[in-house]
Every structure is written in structure tokens, then in C-alpha cells.
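Topology and contacts: notes
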Amino acid sequence: MLNTIYEPIQEDLVKVEDRLRSLCEVDFPQLSKLLDYSLKSGGKRIRPALVLLSGRFYRYDPSCLVPMATAVEILHTATLIHDDVIDNSSVRRGRPTVNKVWGEDKAILLGDYLLAKSQELVAETQNLRVIKLFAQAFMTLSRGELAQAVNAFNLDQSRQQYLQRISAKTASLISLATESGAILSRAPEKSVKILKEYGRNLGIAFQIVDDILDFIGTEEEMGKPIGSDLAQGTLTLPAIFVLERYPEDNPVIRLFQNEERQKNIGLAIELVRSSSIPEECYAVASDYCARACHNLKLLPDNACRRSLIELAEYVVKRRK
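Description of the structure in this document. Since the model is a prediction, treat every value here as computed from it, not as a measurement. Position numbers for residues count from 1 along each chain, tracking the sequence in the order it is written. Thresholds applied to this predicted model are a pLDDT of at least 70 for local features of residues and 80 or more for the giving and counting of side-chain atom pairs; totals over whole chains, interfaces and linings are not thresholded and use all residues. Where side-chain values are given, they derive from all heavy atoms of the structure, hydrogens and water being excluded.

Turning next to the overall build of the protein chain. The numbering of helices and of strands both runs from the N terminus, where a helix is a DSSP run of H or I of at least 4 residues and a strand a run of E of at least 2. Counting its secondary structure elements, the protein chain contains 17 helices and two strands. Radius of gyration (C-alpha) of the protein chain: 20 Å, near the 20 Å computed for a compact globule of 320 residues. Along the first, second and third principal axes, the C-alpha atoms of the protein chain reach 55 × 50 × 30 Å. Within the protein chain, buried positions represent 54% of all 320 residues. Residue pairs at least 24 apart in sequence account for 74% of intrachain contacts in the protein chain once pairs closer than 6 positions are excluded. Each charge class in the protein chain can be summarised by its mean position, and for the 41 positive and 42 negative side chains these summaries are 4 Å apart. This radius of gyration counts C-alpha atoms alone. The globule rule is 2.2 Å times how many residues there are, raised to the power 0.38. Using a 1.4 Å probe on the protein chains alone, a residue whose accessible area is under 20% of its type maximum counts as buried, one over 50% counts as exposed, and one in between counts as partly exposed. Any two residues whose heavy atoms approach within 4.5 Å are treated as being in contact. Positive charges come from Lys and Arg alone, negative charges from Asp and Glu alone, with His and the N- and C-terminal ends not counted. A single reference atom marks each charge: NZ on Lys, CZ on Arg, CG on Asp, CD on Glu.

Written out as C-alpha cells, the structure is:
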């Protein structure tokens, strides 16, 4: 399905892949091996695709959009590497993590290198507004990650706090992709705002679906163990529903109180799977996708507009 969605920008998405491959060609064999491992590990390339799709409505300029799309994907990769170190994760996308294979010190330094490289690529756009936007998005993302770390195993979190956290942690990067694409295409400010909001709402929906799949998916689908969020003490929307429905005593409460961790993770997963909670969470995600697409009709009617609508549909159909 993604191949069809990406069809209007497929040629330049190949150029992004070429740029990613070229980054691995450094005169330092150990670094080259680390870059090759991290940048060629797959992924759906949704973020670079969104830069290119959002840049297709007005003045499409691949000379700045391709570096920007590449930068957004590299920033995403860097944050995943750092996340795996923080969470002490051993598996990502079905493969051992960088920190598991080479150690935490190498993983942190690789993430730092990629962050610097992403900033260098953004500078190629020579657009000060986008350069500043990139830095702001990274700060927002870091704040979201910090909020998650600070609130690990904290039961006193509301739905609103959860939405604020994932808006910062996940949606900020997806919104960066769509807003920067619009700016670099010299879109009118009204259109920039529409595409920015599309990215924000799509990003929230994307994270909600990821959080659902952490309960009802499989390790093969997710590329990491099911229940990883619970194991890290991260309160996601399905877990919040569990707390709301069973306020007195449930496996999430017992887990967060450090009681029989593996047993309670399994019980929480079983509880969610046997309830209507996944469907209710999908309904919330669908609502955010509808919000994302609501004002797209005000943009020029072209193949990329249809791709953005189809991408929103894809987000909530990844497993339903």
C-alpha cells in the first residue's frame, strides 16, 4: 500500500535512499559499519515521504526538499538509537540494537554523529526558518522523551498528559516533516498551517496505534517484544483505559508497584486483548486522522493530496 501512496514522489524518495547510502561512505571503517547498520535497517520512510509530499503543492524544489527529507529520517534514526540506550532495549525492527551489538558508548556517539549530520543537511536548504524549525522540533521531541522518563511507573497520569507527551515525543517530528515541506515549497501561510496540523494529528494517531499494537500485536510485527511500554513503566492509552475501567486493582497497578513484573505484564496484555479497549483506542486514533485530513480539501487537488489522505487511512489500518 505504501508504494502506491508514495508513487507521486517515488523518484525523489529513491534520491533520499541514495543520500542515506552515501552517508555510510566515510573514511573510518568502524563508523561506516555503524552507519550502515543503522541507516539500512529498514523502516517505512514515512517522515521523508511526508516532506516530499507536502512540498508538492506549490513550488517543488528537490534541491532543498531531498536534503530536508534525508535530514528528518536521520534525526528519527538518531532518536531511536538514543531511545534504545535509555530503555536498555535489545531488539529494534527485528534486529539487535546498536547498543546491544556495540555497547552503549558507541550507540550514544553514533546518535550524536547522526544528529550533527542531520543539522548539516538542513543547512543545505539555506532556509533560516526551516533551520530554526528543525532545532525547535528536536527540543520539543527531547522534552517529550524527558517527560516520559520522569513519569516512568507513575500511575497518576491523565489522558491529556498522555496526549501532550506523544504530541511532543512523536508528532513533533512528523509535523516538522509536513511543515518544512510546505515552507520549502513557498506555500502560502494558510497552507503551511494546514500541513503542519495534518502532521501533528497524524503523528498523534500514529503513536496511539503503535501503543495499541504493543498490546495486541506480535513480536514479529513490532520488531520488538510485546509489552515493551509496560516493561519500561510507560503509561499509554490502552493502559490508561485499563486504569479507568478497573480503578481498584488491576495488573497495571500491581506492575507499577513492582509486583511480579512479567506475570502482570502478561495479565495486562490478556486483559486488553479480551476487552473492547483496542477498538476504543482505534476510535481515538481514527478521530485524529479525520482531524488531520479535515482541511486538506483547501489545498490544490493533486495526487499528493490524495496520498496524504490515503496515508492517514493506512495509519489506522496497520492492524485492525
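Let's pick the thread back up.
Glancing now at the packing of helix 4 (residues 46–54) against helix 5 (residues 62–87). Angles run from 0 to 180 degrees between N-to-C directions of axes, and those axes are lines fitted to C-alpha atoms, restricted for helices to the stretch in contact. Where helix 4 contacts helix 5, the two axes come as close as 8 Å, and the packing angle between them is 155 degrees. Regarding the angle of helix 4 to helix 5, the classification is roughly antiparallel. Our pair here, helix 4 against helix 5, has a crossing hand that is right-handed. For the pair formed by helix 4 and helix 5, the contact residues are Arg47, Pro48, Val51 and Leu52 on the first element and Leu65, Val66, Met68, Ala69, Val72, Glu73 and His76 on the second. By the convention adopted, Pro, Cys, Tyr, Trp, Phe, Met, Ile, Leu, Val and Ala count as nonpolar, Lys, Arg, Asp and Glu as charged, and the other residues, Gly among them, as polar. Considering only residue class, the contact of helix 4 with helix 5 consists of eight nonpolar, one polar and two charged. Working rule for angles: under 35 degrees goes down as roughly parallel, over 145 as roughly antiparallel, 65 to 115 as roughly perpendicular, anything else as oblique. It is the rotation of the near helix from the far one that decides the hand of a crossing: anticlockwise by less than a right angle makes it left-handed, clockwise makes it right-handed.

Quick look at the packing of aromatic side chains now. By convention, a stacked pair of Phe, Tyr or Trp rings (six-membered ring in the case of Trp) has centres within 6.5 Å and planes under 30 degrees apart, an edge-to-face pair has planes over 60 apart, and any other such pair is tilted. Using the criterion set out here, one finds two aromatic pairs in the structure. Charge-over-ring placement is defined geometrically: NZ (Lys) or CZ (Arg) within 6 Å of the ring centre, and within 35 degrees of the ring normal. Positioned above the aromatic ring of Phe206 is the side chain of Arg47, whose terminal nitrogen or guanidinium carbon lies 5.7 Å from the ring centre. Between Arg56 and the ring centre of Tyr60, over which it is positioned, the NZ or CZ distance is 3.9 Å.

All right, on to the layout of surface pockets then. Cavities and pockets are defined on a 1 Å grid built over the protein atoms alone: a cavity is a set of grid points where a 1.4 Å probe fits but cannot escape, while a pocket is an open set with protein on both sides within 12 Å along at least five of seven lines, and lining residues are those with an atom within 4 Å of any such point. Grid points are joined across faces, edges and corners, and a volume is the space filled by probe spheres set on the points. Of the volumes computed, that of the largest pocket is approximately 1400 Å³. For the largest pocket, the lining is made up of 49 residues, of which Leu80, Arg92, Asp210, Met222 and Lys224 are closest to its centre. Contributing elements (two or more residues each) for the lining of the largest pocket: helix 4, helix 5, strand 1 (91–92), helix 8 (128–150), helix 9 (159–184), helix 10 (189–216), helix 11 (219–222) and helix 12 (228–231). Broken down by element, the lining of the largest pocket gets its largest block of residues, eight residues, from helix 5. In terms of residue class, the lining of the largest pocket is built from 15 nonpolar, 14 polar and 20 charged. Those elements that provide at least two residues to the lining of the second largest pocket are helix 8, helix 9 and helix 10.

Next up on the list: the side chain of Thr234. With respect to the element layout, Thr234 can be found in the loop between helix 12 and helix 13 (237–245). Looking at Thr234, the relative accessible area reads 7%, which means it is buried. Among residues more than four places away in sequence, those in contact with Thr234 are Gln148, Arg165, Asp229 and Phe256.

In this model, helix 15 (residues 261–273) (13 residues) spans 18 Å end to end at C-alpha, consistent with the 18 Å of a helix rising 1.5 Å per residue. Considering only its buried residues, helix 15 is in contact with helix 10, helix 12, helix 13, helix 14 (251–256) and helix 16 (277–294). Take the number of residues in a helix, subtract one, and multiply by 1.5 Å to get its expected span.

Looking at where Val16 falls in the secondary structure, it is placed in helix 2 (residues 10–23). Considered as a pair, Val16 and Met68 are 52 residues apart in the sequence and their alpha carbons are 9.2 Å apart. Those residues in contact with Val16, other than ones at most four positions away along the chain, are Pro48, Leu52, Val66, Ala69 and Thr70.

For an α-helix, 3.6 residues make a turn, and residues three or four places apart therefore share a direction. Compared with the 33 Å implied by 1.5 Å per residue over 23 residues, the 33 Å span of helix 8 between its first and last C-alpha is a close match. Of the residues making up helix 8, those classed as buried are Val130, Leu133, Phe134, Ala137, Leu141, Gly144, Glu145 and Gln148. Packed against the buried residues of helix 8 are helix 5, helix 7 (104–123) and helix 9. For this analysis, a polar contact is any N or O atom pair within 3.5 Å, provided that within protein one partner can donate a hydrogen and the other can accept it, and provided that sequence-adjacent residues contribute only side-chain to side-chain pairs. At the N-terminal end of helix 8, a side-chain oxygen is found 3.1 Å from the backbone nitrogen of Arg129, two or three residues along, and the residue is Asn127.

Before going further, it helps to examine the nonpolar core. In this description, a nonpolar core means a group of buried Ala, Val, Leu, Ile, Met, Phe, Trp, Tyr and Cys residues linked to one another through side-chain atoms lying within 4.5 Å. In this structure, Tyr198 and Ile208 are the most contacted members of the largest nonpolar core, which totals 106 residues. Per element, the largest residue contribution to this core is 14 residues, and it comes from helix 10.

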